[in-house]
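A structural walkthrough
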Amino acid sequence: MIKGLYTSWTGMLNEQNRMDILSNNLANSSTVGYKKEGTTVHPFSAELAVKIRDASTLNYADRLGHINMGVKIGENYVDYAQGPFDVTDNMTDVAIGGDGFFAIEYTNKQGETSVKYTRDGQFKINTDGYLVTMDGDYVLNQAGALAGQAGRGNYIQVDPNQEIVIDKLGNILQNDVIVAQLGVIDIQNYDYLERFGENMFNLLDGGVIVDSNAQVEQGVLEQSNVETVKEMVELITITRAYESSQKVIQTIDNMTDKAVNQVGKV
């Protein structure tokens with residue numbers, strides 16, 4: 001009977017974890033380039049139950065069987081499926097059609113720089129003519145993206161007074177002349193990517209940068225791949241599962257109360 005308490009408790013913990021992940025997905029349903037997360041679960045390892053202080057067999061306790069204490073929270077994962085495209089007709093808005101990432105030189109509050117990877121192609125041109133993110137971080141060219149190296153030599157600079165055209169290969173043209181190439185790369189194994197913030201990723205040690213076969217689309221943005229309706233239905237399912245575990249605990253509590261305070265008096 002007490003085992004049911006542990007089973008229900010671990011079930012509630014799992015549903016709470018699912019709720020946290022799902023809530024974060026819904027909160028970022030309108031974040032450009034956001035990739036939704038999912039959860040996994042697996043059972044606790046079965047433990048052998050034996051009679052406590054059993055002396056029926058010398059130095060050996062008789063087995064009662066195996067018990068399982070419920071569900072165990074597994075690893076969370078990122079769904080890298082491509083999100084829908086939204087046409088903006090802004091010449092500095094770009095999206096990646098296929099597998100790949102833009103490379104960004106990210107600068108933290110301490111002034112430290114590092115390379116991050118993102119699907120968010122909502123860029124702009126600053127007063128010096130450099131292509132930057134909406135937060136002011138520099139977008140890297142193809143050479144810098146492939147090498148995973150930041151630095152002024154790998155920035156993209158254009159004439160801010162002239163129109164730019166970006167072709168499918170990421171080449172940036174002004175007056176029909178290629179002035180730079182937008183850095184679009186892919187990662188050999190996405191298991192080496194770690195989420196950073198809302199829509200950026202870190203490349204972990206062991207991760208390998210490779211060429212991307214994706215096409216670049218100008219004047220569009222890739223939206224979040226979160227399906228709001230599906231997530232809301234899942235939210236209802238999680239809530240009901242959580243409430244069911246609560247009712248199980250309440251039922252066991254009532255049974256224990258009767259066993260101790262009523263049956264014990266007979």
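Up top is the structure these notes are about.
Residues numbered from 1 in each chain as written. Predicted model: local features only at pLDDT ≥ 70, side-chain atom pairs only at ≥ 80, totals over all residues. Heavy atoms only, no water.

**Describing helix α3 (residues 228-261)**
Across its 34 residues, α3 extends 49 Å between first and last C-alpha, which sits within 8% of the 50 Å expected from 1.5 Å per residue. Buried within α3 we find Glu 231, Ile 238, Ser 245 and Ile 252. Tucked inside the fold, the buried residues of α3 contact α1 (2-27). (Helix = DSSP H or I, 4+ residues; strand = E, 2+ residues; numbered from the N terminus. Expected span 1.5 Å × (residues − 1). Buried < 20%, exposed > 50% of the residue type's maximum accessible area, 1.4 Å probe, protein only. Contact = heavy atoms within 4.5 Å.)

**Overview of the packing of aromatic side chains**
Aromatic rings in a pair are described by how distant their centres are and how their planes are angled relative to each other. Summed over the entire model, instances satisfying the criterion amount to ten aromatic pairs. Ring plane angle 70 degrees and centroid distance 5.6 Å describe the contact between Phe 101 and Tyr 190, whose orientation is recorded as edge-to-face. Taken together, the positions of Phe 101 in strand β9 (residues 101-107) and Tyr 190 in the loop between β17 (184-187) and β18 (193-196) put the pair 89 residues apart, joining distant regions of the chain. Phe 101 sits in the buried class, given a relative accessible area of 2%. Joined through ring pairs, the aromatic side chains of Tyr 80, Phe 101, Tyr 190 and Phe 201 make up one cluster. The aromatic ring of Phe 196 is capped on one face by Lys 116, whose charged end is 4.1 Å from the ring centroid. (Phe/Tyr/Trp six-rings, centres within 6.5 Å; stacked < 30°, edge-to-face > 60°. Lys NZ or Arg CZ within 6 Å of the ring centre and 35° of its normal.)

**Concerning the pairing of β9**
Burial analysis of β9 places six of its seven residues in the buried class, the great majority of the element. Sheet topology places β9 next to strand β10 (residues 113-118); six bridges connect them, and they run antiparallel. Along β10, the bridge assignment pairs Ala 103 with Tyr 117. Once β9 ends, the chain turns through five residues before running back antiparallel as β10, passing Gly 111 with a positive phi of about 85 degrees. Direction of pairing for β9 relative to strand β13 (residues 138-139): antiparallel, over a ladder of two bridges. Bridge pairing in β13 links Ile 104 to Val 139. (Pairing = 2+ DSSP bridges.)

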